[in-house]
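Structure assessment
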Amino acid sequence: MKLLLYLSLITSALCLNLDYLDPLKLQTISSPEVQRQAALDVINSLLRNQYSFVAVDVNPILFNDHKDVFSLRTDNGKLNIRASSGVAAVWGFNYYLKKYCKSQVAWQVSRVVIPSTIPEADETVIANDRFRYYQNVCTASYSFVWWDTEDWKRHVTWMALNGINMALAPVAQEAAWTRVYKQLGMTDDEIKEHFTGPGFLAWLRMGNVHGWGGPLPQSWHDRQKQIQEVVTDLMFKLGMIPVFPAFNGHVPKAFEKIFPNTTFHPVETWNKFDEDYCCNLFVDPREPDFKMISKMFMREITAGLGSSHIYTADPFNEIKIQPWSTSLVVETAKAIFSSISEYDKDAVWLVQNWMFVHNPLLWPLKRVNSFLTSVPNGRMLVLDLQSEQWPQYDLYQMYYGQPFIWSMLHNFGGTLGMFGNTKTINKDVYEVRKRENSTMVGIGLTPEGINQNYVIYDLMLESAWRKGPVPDLEEWVSDYAERRYGCNATSIGWKYLLRSVYNFTGLNRVRGKYVMTRRPSFNIRPWAWYKGHDLFEALKNFVYVQNPACSTSGFLHDLVDVTRQALQYKIEQIYMNLQNDRYSNYMVFNYTISSFIDAMTDMQNILATSSDFKITSWLSSARAVSNLPLESSLYDFNARNQITLWGPNGEISDYACKQWAELFKYYYIPRWSTFLSMALDAKTRNEPFDEKGAQRVVRSSVEEKFASINIDYIPSDNPQQLALNLYQKWFSVSGHVDLPMRIIKQDPKKKTTLPDTDTDGEDYNENTPTVIFLHSTTPN
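The text that follows walks through the structure, step by step, so that each part is easy to find. As the structure is a prediction and not an experimental result, all values here were calculated from the model.

Rules behind the numbers
- Residues numbered from 1 in each chain as written.
- Predicted model: local features only at pLDDT ≥ 70, side-chain atom pairs only at ≥ 80, totals over all residues.
- Heavy atoms only, no water.
- Helix = DSSP H or I, 4+ residues; strand = E, 2+ residues; numbered from the N terminus.
- Contact = heavy atoms within 4.5 Å.
- Buried < 20%, exposed > 50% of the residue type's maximum accessible area, 1.4 Å probe, protein only.
- Polar contact = N/O pair within 3.5 Å; in protein donor to acceptor, adjacent residues only side chain to side chain.
- Salt bridge = Lys/Arg side-chain N within 4 Å of Asp/Glu carboxyl O.
- Pairing = 2+ DSSP bridges.
- Expected span 1.5 Å × (residues − 1).
- Axes fitted to C-alpha atoms, helices over the stretch in contact; angles between N-to-C directions.
- Parallel < 35°, antiparallel > 145°, perpendicular 65-115°, else oblique.
- Left-handed = near helix turned anticlockwise from the far one by under 90°.
- Nonpolar A, V, L, I, M, F, W, Y, C, P; charged D, E, K, R; others polar.
- Disulfide = S-S within 2.5 Å.

So, on to the environment of Arg-582. As for its placement among the helices and strands, Arg-582 is situated in the loop between α23 (553-581) and α24 (586-607). As for Arg-582 and Val-351, which are separated by 231 residues in sequence, their C-alpha atoms are 50 Å apart. Here Arg-582 is in contact with Phe-522, Phe-589, Lys-683 and Phe-689, once residues within four sequence places are set aside.

Now for the environment of Val-501. For Val-501, the position within the fold is in the loop between α21 (491-499) and α22 (532-543). Note on Val-501: relative accessible area 0%, which makes it buried. Among residues more than four places away in sequence, those in contact with Val-501 are Met-418, Phe-419, Gly-420, Trp-529, Tyr-530, Leu-535 and Gln-565.

Tracing the sequence through the fold places Thr-644 in the loop between α26 (629-642) and α27 (661-684). Discounting chain neighbours no more than four positions away, the residues touching Thr-644 are Ile-652, Ser-653, Asp-654, Leu-663, Tyr-667 and Phe-706.

Mapping Asn-453 onto the fold places it in the loop between β17 (440-445) and α19 (454-462). Overall, Asn-453 belongs to the buried group, its relative accessible area being 6%. At 3.1 Å, the side chain of Asn-453 and the side chain of Gln-452 are in polar contact.

Our next topic: the pattern of salt bridges. Pairing is possible between side chains that carry opposite charge, provided their charged atoms lie close to one another. In the structure shown here, the tally under the stated rule is 38 salt bridges. The residue Lys-67 makes a salt bridge to Asp-65 at a minimum N-O spacing of 3.9 Å.

If a residue is not glycine, its phi is most likely negative; likewise, a peptide bond is most likely trans. Following Gly-214, the chain continues to Pro-215 via a peptide bond in cis, the omega torsion being 5°. Mapped onto the elements, Pro-215 comes out in the loop between α9 (201-205) and α10 (218-238). Along the chain, Gln-322 connects to Pro-323 via a cis peptide bond; the corresponding omega equals -5°. Positive phi, close to 70°, is recorded for Asp-654, a residue that is not glycine. The residue Asp-654 is located in the loop between α26 and α27 in this model. Overall, the relative accessible area of 1% leaves Asp-654 in the buried class.

Below, the discussion takes up the pairing of strand β15 (residues 380-384). Most of β15 sits out of view: 5 of its 5 residues are buried. Taking every second residue as pointing to the same face, both faces of β15 are buried, with Met-380, Val-382 and Asp-384 on one and Leu-381 and Leu-383 on the other. Relative to β15, strand β14 (residues 348-352) runs parallel, the two sharing 4 bridges. Note that in β15 the partner of Val-351 across the bridge is Val-382. Inspection of the sheet shows β15 paired to strand β16 (residues 404-408) by 3 bridges, in the parallel sense. In the sheet register, Val-382 faces β16, and the bridge partner there is Phe-404.

Because each turn of an α-helix spans 3.6 residues, side chains separated by three or four positions in sequence point in the same direction. In this model, helix α20 (residues 473-485) (13 residues) spans 18 Å end to end at C-alpha, consistent with the 18 Å of a helix rising 1.5 Å per residue. For α20, the full list of buried residues reads Leu-473, Trp-476, Val-477, Ser-478, Tyr-480, Ala-481, Arg-483, Arg-484 and Tyr-485. With a side-chain oxygen lying 3.0 Å from the backbone nitrogen of Glu-474, the N-terminal cap of α20 falls on Asp-472. Phi turns positive, to about 85°, at Gly-486, one or two residues after α20.

Where helix α7 (residues 173-184) contacts helix α12 (residues 288-302), the two axes come as close as 9 Å, and the packing angle between them is 130°. Taken together, the axes of α7 and α12 lie oblique to each other. The chirality of how α7 crosses α12 is right-handed. Along the contact surface, α7 presents Gln-173, Ala-176, Trp-177, Arg-179, Val-180, Gln-183 and Leu-184, while α12 presents Met-292, Ile-293, Met-296, Phe-297, Glu-300 and Ile-301. Among the residues making up the contact of α7 with α12, the classes are represented as 9 nonpolar, 2 polar and 2 charged.

Sheet strands pair by backbone hydrogen bonding; their relative direction is either parallel or antiparallel. Read once around its circumference, the closed barrel built from 8 strands follows the order β7-β8-β9-β13-β14-β15-β16-β17, with strand pairing classed as parallel. On average, adjacent strands in this sheet sit at an angle of 30° to one another, irrespective of strand direction. When strand β7 (residues 131-134) meets β17, the two strands line up parallel, connected through 4 bridges. In the sheet register, Tyr-133 faces β17, and the bridge partner there is Gly-444. Contacting β13 (310-312) and β14, helix α13 (residues 326-343) runs over the sheet at an angle of about 140° to β14.

Turning our eyes to something else, we now look at the pairing of strand β3 (residues 78-83). The side chains of a regular strand alternate between the sheet's two faces. Burial of the side chains of β3 is restricted to one face: Leu-79, Ile-81 and Ala-83 are buried, whereas none of Lys-78, Asn-80 and Arg-82 on the reverse face is. Sheet topology note: the strand β1 (residues 54-58)/β3 ladder contains 5 bridges and is parallel. Bridging from a neighbouring strand, Asp-57 pairs with Arg-82 of β3. Here strand β2 (residues 69-75) pairs with β3 via 6 bridges, running antiparallel. Its bridge partner being in β3, Leu-72 is matched across the sheet by Ile-81.

The next subject is the state of the cysteines. On inspection of all chains with the given rule, the structure shows 2 disulfides. Note that Cys-278 is cross-linked by a disulfide to Cys-279, the S-S spacing being 2.2 Å. With the S-S bond torsion at 45°, the cross-link from Cys-278 to Cys-279 turns out right-handed. Residue class for Cys-279 comes out buried when judged on its relative accessible area of 8%. Free of any disulfide, Cys-657 has its nearest cysteine sulfur in Cys-138, 15 Å distant.

And the structure:
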């Protein structure tokens, strides 16, 4: 049996059709000269035109085995870059910055330093894979939603610097749908009732919700269309592959009236949203209207832009259609692919595997097999979305012959918290790539939110060109810190971070919802995967840095982040004391409450020292989308609700929580203070504490009011002095035990997957998720 399985895997790999996934075709829509100029423009913008020492030549003939190539050679004070594409040229420049100039261009901080005598270089780098993919469908809502054209252009620059050659395009989907809906007979009021607000568009698009946070003004559509035109044009010019959306089968409820003779299927409730906001309709894939709607949408979404031939659609993301069956999913796959391939004969369907991971009981192996193989080989490209923790390529036998991308999800909801799995990233991606039966054709970054843990993404991106794992990760993180800070004084601290927060290898769900950012309860069970001592030693190394050369934006950002992480750990230690001391006498309980709130206040103060850890940019960017008061107010509400209650009734409360200074002052501290003062009052009166009642008070007095409360500027101190003071204040305090290390370890003998249901409430226990071992191959 094993031999037959092995032979079938080899056969699938040998039969892999990559004719439609050829970068030599997909990345050459723009001419070499256009790509050369676009690459030069990006490079000069980084150098701020202070240097003219870079020459670029782009020639597709340099592609090696359908993979990007760049070569670097210095000659008479000039850096000559020859590359297969514009994006490869910019990638080569960043390689030179990192390796030869000890510089870094990251998401929130940059440090570009070119020596007066440029370092000599003479080497050629060939990409390991055909593709370097970027984005999760949720990133558009959790991180990009309020961006303007300039924000997007800077981010495309970052993509190019890291060799990313395939990414979701920032497209005005709702503007396109508005035109389609009007052509099909929907009224303006029906369209307004259907669209969510900007903060929740990702889940409207996937059929999870409708209406919440809306409506969308025409000015929003106009703005997104302008962004779409500028940014997709830049991506094409650089030789990137912008991925466009396709129709996934979900339509507004108004379609029942417009198409009375068409069969629609109901969509089950998603995350407790009620009928006012939950669940659209799903067009039966056998209906001719499915293709008709699909082609109308594709014409509108690509109008005036051209196409890269890669389209994305996720028909069953965290939802179940009634009646659920293998026939339904297979016919849906066939309908989606036939629609896009009839519109574009070279189309490839990009699909996330999250539908299988989220609810594996709905997706036994035969059903997954039927779904994937209903599309011709090589015409579907699968994102193995969370390969660093929940890889599925073995379970699904290399996706039954379809090509896939080894992806690192890492972050959920754009939450903050130092966390990462460096060992797996530095091992598995290389091992899977080299297997004889592998259908892996690329690596990808698929975070739900960015602007956190940049070191993990930097390490992952280097796997696109490294021929093997980093030999010494301690040496690598020391070099990372030197590039980021301009000094090497934190190497010991980074070694402690590497062995603590960045040493997670378990199966636990890590979602960034820590005690202080959760709805108050005495039933939360904190845990960690590392020793507090290692984290505190890392902080010690940071706060005692004396080298003035270290006072760069990168160092100050990370100093605040490490202090934040250490305080987060300390707050959870104090919380465990709270759980015990509530049964002690009044004075002990009161003292522990004061200590808990004091630590949260110190958290607020250290976060206030850095604009990267404040709500200012998020809210000001939301309000700036429109100068009309009503529209600006709508966007402000969307921005506030997404990061707190996430829904009208807190349906996904704290899922996208942010450790930002103002959220501590106006949200996290007030709700914990209210909750704990009621618990203390109950003790004073010798009465039982009504926890659910207290939570209702917190809901009405703090959580719901946050949507309209005035948020004032928080004055800040010197981050270095404050971090030192907080270290001396908190990290020699006795009476705090380490958090329990409840790590769910991997069993290499079993193929597992994990339903990612996010239970919300006071009895939340992150340490005992349901793990399902998949052996069944029979669809129900």
